[in-house]
Amino acid sequence: MKKLLALFLAGAMMFSLAACGGDDTKETEPAKATAADTKAAETKAADTKAAETKGAGEEKPAGNGETYKIGLAAMLTGDNALNGERMQKASEMVIAQYNEAAGYEKFVLNTEDDLTTNEGALTAVQKLISDGCLAIIGPHRSSAALAVSDTVAEQQVCVLVGGTSVAIDGSNNYMFRTRASDAIMATVAATFCKDTLEAKKVGILHASDEYGQGGADAAMAFFDAQGIEYVDCPHNVNDVDFTSAILECQSAGCDTVFTWTHDAETAIIYQQLATYMPDVNKIASPGLTLDNVLNLCEDSWVDGAYSVTDFISTSTDAVAVDFVKAYQDLYGETPDLYAAAYYGAAVTICEAILACEEAGEVTPQAVRDAIAAGETKTLPTGDFYNDDANNLVHSCVIAKLNGKAPEFVQSVNE
């Protein structure tokens, strides 16, 4: 991929040089036109007209120069703003790549801030639909996805959401999941507890909302089937003191702690685990690999802990390696799971639009149908294909924290 920033700078330099080239030009009196000049001008005008007439019949860019709007509902303010920024960067990267391939601005990204709230997500999606977007990337959170579910079904415009809750069950034909569901990731984490950590009793610290409860339920179902004891410790979203739950796990003799909660709570739990249960085995939901969690932690709090997540930049998979390099070249930073997941979402929508264009009908309904029937695509977070529950991703990654640096351990398919 050509470096878009380099192209921009090269264009800017050319413009600058052209401007500087005219600074030394001295003013002179206008030359008087001659008969030869007049004849040359007439000939040039005739040639220009002929060229325009010829050009009118020449082949235009693919899609006859049509421009297609894609929406993005991202968490650009609120407690997940950094994650929303990664969503936006990855989506813009895809749009730039597809426009470069088309040779013109074929795709336009309309971005709305969902404020990291359910109400903000609904407002953002409604605005993007009214703007004529063919499909929408986001919102991210499970609760936000559920908040917009009725609207997208009524308006028949599909959304590719990041919510991993099992409550997003495929019953809405206009909602696709662009990350592995908690039914997959939490079960993988629970299996890792049994097979690798050799857990005998597990303390489960989880949020009591759709996200946290869904992950905990999947894990508890696995532990029940395997005869592994556990202590169920739910907490409210935005709680800041987890010592009573941790002490309960300690007194019960838990050798492993399984956490499935949101970013801010994850950082606090790991701080308090370091005080009360420093040597316990630990495995967490995807947030533990994110900068906005790790930036709140000390190395000693998280060192040696595991996480089940969508993507790790140290993956040795060839597609992931190429993606990481392209993202770093463009933005000067390393992509995380948000960048990888929504890169996949944006590619999926662009490919669906191209398929519709080839078939001769580009409408929101046609785009939805193309996503549902699309061929398997290998992307940074794995193979994308749709199943009966509108899940597009069917694999996840296990990472281990070396200090605060997440390191790739293995990929696990559904």
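Keep in mind that this is a model prediction, so the values were computed, not measured.

Engineer: An account of the state of the cysteines is needed here, citing residue identities and associated values.
Structural biologist: The full count for this structure, using the stated rule, is 0 disulfides. Here Cys249 stays free of any disulfide, with the sulfur of Cys233 as its closest cysteine sulfur at 4.0 Å.

Engineer: Lay out helix 6 (residues 182-195) with the relevant residues and their values.
Structural biologist: The terminal C-alpha atoms of helix 6, which comprises 14 residues, lie 19 Å apart, in line with the 20 Å expected from a rise of 1.5 Å per residue. Burial in helix 6 covers these residues: Asp182, Ile184, Met185, Ala186, Val188, Ala189, Ala190, Phe192 and Cys193. In this structure, the buried residues of helix 6 make contact with helix 7 (210-226), strand 8 (256-260), strand 9 (281-284), strand 10 (306-309), strand 13 (395-402) and strand 14 (405-413).

Engineer: Provide a residue-level description of the nonpolar core, including the pertinent values.
Structural biologist: One recurring pattern in soluble globular proteins is that nonpolar side chains are buried together. Counting 97 residues, the largest nonpolar core has Ile70, Ile137, Phe223, Phe258, Phe323 and Ile371 as its most contacted members. Examining the composition of this core, we find that 15 residues originate from one element, helix 13 (residues 337-359), more than from any other. Residues in contact with Ile70, not counting those within four places in the same chain, are Ile95, Phe107, Val108, Leu109, Asn110, Cys133, Ala135, Ile137, Ile349, Cys350 and Ile353. With 24 residues, the next largest nonpolar core counts Cys249, Tyr270, Leu273 and Leu294 among its residues.

Engineer: For the sheet that holds strand 2 (residues 107-113), give the residues involved together with the corresponding values.
Structural biologist: Read across the open sheet, the 5 strands follow the order 2-1-3-4-5; overall the sheet is parallel. Bordering the open sheet on either side are strand 2 and strand 5 (175-177), each of which pairs with just one other strand. When strand polarity is set aside, the average angle formed by the axes of neighbouring strands in this sheet is 25°. In the sheet, strand 4 (residues 158-161) pairs with strand 5 via 3 bridges, with the strands oriented parallel. Bridging across to strand 5, Leu160 finds its partner in Phe176. In the packing of helix 4 (residues 118-130) onto the sheet, contacts are made with strand 1 (68-74), strand 2 and strand 3 (135-137), and the angle to strand 2 comes to roughly 150°.

Engineer: Help me get a handle on the sheet that holds strand 8, residues and values and all.
Structural biologist: Ordered in space as 7-6-8-9-10-13-14, the 7 strands form an open sheet in which the pairing is mixed. Two strands bound the open sheet, and with one partner strand each, they are strand 7 (229-235) and strand 14. Across the sheet, the mean angle from the axis of one strand to that of its neighbour is 20°, orientation sign disregarded. Each of strand 6 (201-207), strand 7, strand 8 and strand 9 touches helix 9 (residues 263-276); the most contacted strand, strand 9, lies at about 180° to it.

Engineer: Report on the pattern of salt bridges, specifying residues and quantitative values.
Structural biologist: One pass over the structure, following the stated rule, counts 14 salt bridges. Of the charged contacts in the structure, one is a salt bridge between Glu85 and Lys89, with a shortest N-O distance of 3.0 Å. One end of the pair is Glu85 and the other is Lys89, both in helix 3 (residues 81-102) and 4 residues apart, which spans about a single turn. In this structure, Arg86 and Asp336 form a salt bridge, with 3.0 Å as the shortest nitrogen-oxygen distance. With a gap of 250 residues between them, Arg86 in helix 3 and Asp336 in the loop between helix 12 (318-331) and helix 13 connect regions that are remote in the sequence. Of the two residues examined, Arg86 and Asp336, each falls in the buried class. Several salt bridges share partner residues, and in doing so they unite Glu85, Arg86, Lys89, Asp291, Glu333 and Asp336 into one network.

Engineer: Outline the packing of aromatic side chains, listing residues and values.
Structural biologist: Applying the stated criterion to the full structure yields 12 aromatic pairs. Consider the rings of Phe258 and Trp260, whose centres lie 5.5 Å apart with planes at 15°: the pair is stacked. On the basis of relative accessible area, Phe258 is assigned to the buried category, the value being 1%. Residue Trp260 is classed as buried on the basis of its relative accessible area of 0%. Over the ring of Tyr174 we find Arg368, and its NZ or CZ is 5.9 Å from the ring centre.

Engineer: Give a description of the confidence of the model for the chain that names residues and reports values.
Structural biologist: The predicted coordinates of low-pLDDT regions are not to be read in fine detail. Residues of the chain with pLDDT of at least 70 account for 85%, and the chain-wide mean is 87. Predicted confidence for residues 1-62 stays below pLDDT 50, and this span has 17 contacts to residues more than four positions away or in other chains.

Engineer: Break down the side chain of Thr309 for me, citing the residues and quoting the values.
Structural biologist: By the element assignment, Thr309 lies in strand 10. Taking relative accessible area as the criterion, Thr309 reaches 0% and is therefore assigned buried. If we ignore the near neighbours within four places in the chain, the residues touching Thr309 are Met185, Pro286, Thr289, Leu337, Cys396 and Val397.

Engineer: Residue-level account of the environment of Ser130, with values.
Structural biologist: With respect to the helices and strands, Ser130 occurs in helix 4. Using a relative accessible area of 56% as the deciding quantity, one classes Ser130 as exposed. Residues Ser130 and Gln155, 25 residues apart in the sequence, show an inter-C-alpha distance of 9.7 Å.

Here is what the cut-offs are and how they apply
- Residues numbered from 1 in each chain as written.
- Predicted model: local features only at pLDDT ≥ 70, side-chain atom pairs only at ≥ 80, totals over all residues.
- Heavy atoms only, no water.
- Disulfide = S-S within 2.5 Å.
- Helix = DSSP H or I, 4+ residues; strand = E, 2+ residues; numbered from the N terminus.
- Expected span 1.5 Å × (residues − 1).
- Buried < 20%, exposed > 50% of the residue type's maximum accessible area, 1.4 Å probe, protein only.
- Contact = heavy atoms within 4.5 Å.
- Core = buried A, V, L, I, M, F, W, Y, C linked by side-chain atoms within 4.5 Å.
- Pairing = 2+ DSSP bridges.
- Axes fitted to C-alpha atoms, helices over the stretch in contact; angles between N-to-C directions.
- Salt bridge = Lys/Arg side-chain N within 4 Å of Asp/Glu carboxyl O.
- Phe/Tyr/Trp six-rings, centres within 6.5 Å; stacked < 30°, edge-to-face > 60°.
- Lys NZ or Arg CZ within 6 Å of the ring centre and 35° of its normal.
- pLDDT = per-residue confidence, 0-100.

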